[in-house]
Amino acid sequence: MLSGNVIAITSGKGGVGKSTVSTNLAVSLARQGKSVALIDLDIYGFSIPKMMNVDSRPKTFNGKIIPVESHGVKIMSMGFLIKNNDPVVWRGPMLGKMVEHFSKDVMWGELDYCILDMPPGTGDIALDMHLNIPQSKEIIVTTPHQTASIVAERAGTMAQKAEHDILGVIENMSYFQPKESNEKYFLFGKGGGDLLAERLDTDVLAKLPIEEPIETSETPSIYGEDTSLFQHYSQLAEVIDQKIK
Ligand SMILES: Nc1ncnc2c1ncn2[C@@H]1O[C@H](COP(=O)(O)OP(=O)(O)OP(=O)(O)O)[C@@H](O)[C@H]1O
């Protein structure tokens, strides 16, 4: 059973960085001494096992699943249950069972935080999450592009209709700032995060820069100490922890 503060990372559009934000936020909270779970609810498009560099499968005990741990975070993903990177070809009711399974049949232990990496949009899985995990709070991720933020607003409106608290908005890929330069380049436009926060009557929690992944690392999407995103994610974890208290 899930305990602690459940935070769903959602968006309207795909590819805006939900999984990257979910992973780095979970790892930052764990680094700050919190007990953290990360559930990959992007059931068709799961990517968390790869991002966390996990290739072992979870074991079971007394009919319950023991989550796999990496970077101090307990993880569960559809990727652990299927073989050979096969596509998931399930319809609505089975997806709902999986959401229930991940929340109820895993030995999560006492948690401070549970981060849910949601699929893009407002489909079946988002609905099932609202039903099965009603205590969840939401963070909406958008890019600075105004169109992306208008699409993201639908995910926010769905959260409001389900009576979930919206913790705030994260604007990802906000700008690019070359190392040792004060110049910021707004490659994807400006203002999407502020516009979305205003429309949903919430705050912008972070504006995260574009930073290239460290391809030589085993976990290129987890930003290490020598990156600017490491600092941004550490700050974000603190902001969320303060906000939730
Ligand atoms: N701040 C950033 N700087 C540079 N690259 C980034 C940043 N955030 C995300 N990316 C890259 O953008 C791509 C999409 O990110 P990610 O997979 O996290 O998005 P998503 O919203 O989860 O996608 P999907 O909708 O497919 O689930 C990835 O290649 C990721 O490494």
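What counts and how
Residues numbered from 1 in each chain as written. Predicted model: local features only at pLDDT ≥ 70, side-chain atom pairs only at ≥ 80, totals over all residues. Heavy atoms only, no water. Buried < 20%, exposed > 50% of the residue type's maximum accessible area, 1.4 Å probe, protein only. Helix = DSSP H or I, 4+ residues; strand = E, 2+ residues; numbered from the N terminus. Arc of directions from axis to C-beta. pLDDT = per-residue confidence, 0-100. Pairing = 2+ DSSP bridges. Near = heavy atom within 4 Å. Polar contact = N/O pair within 3.5 Å; in protein donor to acceptor, adjacent residues only side chain to side chain. Areas by Shrake-Rupley, 256 points an atom, 1.4 Å probe, with all protein chains shown as cover. Nonpolar A, V, L, I, M, F, W, Y, C, P; charged D, E, K, R; others polar.

The chain goes by Iron-sulfur cluster carrier protein in an unreviewed UniProt entry, where it is assigned to Rossellomorea aquimaris.

Trainee: Can you walk me through helix α6 (residues 192–200) in this structure?
Mentor: Since there are 3.6 residues in each turn of an α-helix, residues three or four apart along the chain are aligned in direction. Looking at α6, one finds that the buried residues are Gly-192, Gly-193, Leu-196, Ala-197 and Leu-200. Considered in projection along α6, the buried side chains sweep an arc of 125° and stay on one side of the axis. Trailing α6 by a residue or two, Asp-201 shows a phi angle of about 55°, which is positive.

Trainee: Honestly, the confidence of the model for the chain in this entry has me stumped. Any pointers?
Mentor: The predicted structure's coordinates, where accompanied by low pLDDT, should not be read in detail. Per-chain confidence: the chain averages 89 in pLDDT, with 94% of residues scoring 70 or above. Looking across the chain, the model is least confident in helix α3 (residues 92–104), with a mean pLDDT of 75, and most confident in strand β10 (residues 204–208), with 98. In the model output, the complex is listed with pTM 0.93 alongside ipTM 0.98.

Trainee: Would you take a moment to explain the pairing of strand β1 (residues 5–10) for this structure?
Mentor: Each regular strand shows side chains that alternate between the opposite faces of the sheet. Extensive coverage of β1 is indicated by the burial of 5 of its 6 residues. With 5 bridges joining them, β1 and strand β7 (residues 113–117) adopt parallel strand pairing. Along β7, the bridge assignment pairs Asn-5 with Tyr-113. Note: β1 against strand β8 (residues 137–142), 4 bridges, orientation parallel. Bridged to Ala-8 within β8 is Glu-138.

Trainee: Explain unusual backbone geometry here, please?
Mentor: Peptide bonds are, in most cases, trans, and in most cases residues other than glycine have a negative phi. Unusually for a residue other than glycine, Asn-62 sits at a positive phi of about 50°. As for its position among the elements, Asn-62 is in the loop between β3 (59–61) and β4 (64–66). Its identity as a non-glycine residue notwithstanding, His-71 has a phi of 50°, on the positive side. Here His-71 lies in the loop between β5 (68–70) and β6 (73–77). Here His-71 falls in the partly exposed class, since its relative accessible area comes to 37%.

Trainee: What exactly am I supposed to notice about the site of the ligand here?
Mentor: Every one of the 16 residues lining the ligand counts as a neighbour, but Gly-15, Lys-18, Ser-19, Thr-20 and Asp-42 are closest to it. Between an oxygen atom of the ligand and a side-chain N or O atom of Lys-18, the distance comes to 2.9 Å. Backbone polar atom of Ser-19 to an oxygen atom of the ligand: 2.8 Å apart, as the coordinates give it. Protein coverage of the free-state accessible area of the ligand, which is 630 Å², stands at 71%. Sort the elements by how many residues they give to the shell around the ligand and helix α1 (residues 18–31) lands first, with 3 residues. Residue composition of the shell around the ligand, grouped by class: 7 nonpolar, 6 polar and 3 charged.

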